[in-house]
Amino acid sequence: MTFPLTHIYRWDRQGRKGQPCRITARGRMNSIRVEFADGYVMITSGNAIRKTRKD
């Protein structure tokens with residue numbers, strides 16, 4: 001089962017700026033676990049992502 005990529009990664013970290021991702025877990029102190037379309041996973045700040053627009 002595939003889940004929709006509901007957010008965009010905003011920061012220029014590890015070459016991922018502008019890529020769609022989804023939140024898979026939330027932690028303390030605004031930390032989140034995100035997963036990208038290619039399966040790459042990272043722990044980052046909640047400030048690093050934004051919701052995608054529904055145009």
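Residues numbered from 1 in each chain as written. Predicted model: local features only at pLDDT ≥ 70, side-chain atom pairs only at ≥ 80, totals over all residues. Heavy atoms only, no water.

Visitor: Can you explain the environment of glutamate 35? Please cite residues and give values.
Guide: Tracing the backbone through its elements, the reader meets glutamate 35 in strand β3 (residues 31–36). Glutamate 35 sits 16 residues away from lysine 51 along the chain, and the two C-alpha atoms are 14 Å apart. When neighbours within four sequence positions are excluded, glutamate 35 is seen to be in contact with Leu5, Cys21, Arg22, Thr24, Tyr40 and Val41. (Helix = DSSP H or I, 4+ residues; strand = E, 2+ residues; numbered from the N terminus. Contact = heavy atoms within 4.5 Å.)

Visitor: Summarise the side chain of histidine 7; cite the residues concerned and give the values.
Guide: Relative to the assigned elements, histidine 7 resides in strand β1 (residues 7–9). A polar atom in the side chain of histidine 7 sits 2.8 Å from the side chain of threonine 6. (Polar contact = N/O pair within 3.5 Å; in protein donor to acceptor, adjacent residues only side chain to side chain.)

Visitor: So what about the environment of methionine 29? Which residues, and what values?
Guide: Examined against the element boundaries, methionine 29 turns out to sit in the loop between β2 (20–26) and β3. Exposure remark for methionine 29: the relative accessible area of 83% places this residue in the exposed category. Measuring from C-alpha to C-alpha, the distance between methionine 29 and serine 45 comes to 8.5 Å, with 16 residues separating the pair along the chain. (Buried < 20%, exposed > 50% of the residue type's maximum accessible area, 1.4 Å probe, protein only.)

Visitor: Could you give an account of the nonpolar core, with specific residues and numbers?
Guide: Soluble globular proteins: nonpolar side chains tend toward being buried together. Among the nonpolar cores identified, the biggest contains eight residues, and these are Tyr9, Cys21, Ile32, Val34, Phe36, Met42, Ala48 and Ile49. In contact with cysteine 21, other than residues within four places in its own chain, are Leu5, Thr6, His7, Ile8, Tyr9, Val34, Glu35, Phe36 and Ile49. (Core = buried A, V, L, I, M, F, W, Y, C linked by side-chain atoms within 4.5 Å.)

Visitor: Give me the pairing of β3: which residues, what numbers.
Guide: Only one face of β3 is covered, namely the face carrying Ile32, Val34 and Phe36; the face carrying Ser31, Arg33 and Glu35 is uncovered. Sheet topology places β2 next to β3; five bridges connect them, and they run antiparallel. Considered in β3, the bridge of isoleucine 23 is made with valine 34. The turn linking β2 back onto β3 is made up of four residues, and methionine 29 within it adopts a positive phi angle of 55 degrees. Across five bridges, β3 lies against strand β4 (residues 41–45) in antiparallel orientation. For arginine 33, the partnering residue across the bridge sits in β4 and is isoleucine 43. (Pairing = 2+ DSSP bridges.)

Visitor: Would you mind going over unusual backbone geometry in detail, with residue names and values included?
Guide: Although it is not a glycine, glutamine 14 sits at a positive phi angle of roughly 55 degrees. Inspection of the secondary structure puts glutamine 14 in the loop between β1 and β2. Residue asparagine 30 is not a glycine yet carries a positive backbone phi of 65 degrees. Positionally, asparagine 30 belongs in the loop between β2 and β3. Judged by its relative accessible area of 40%, asparagine 30 falls in the partly exposed class.

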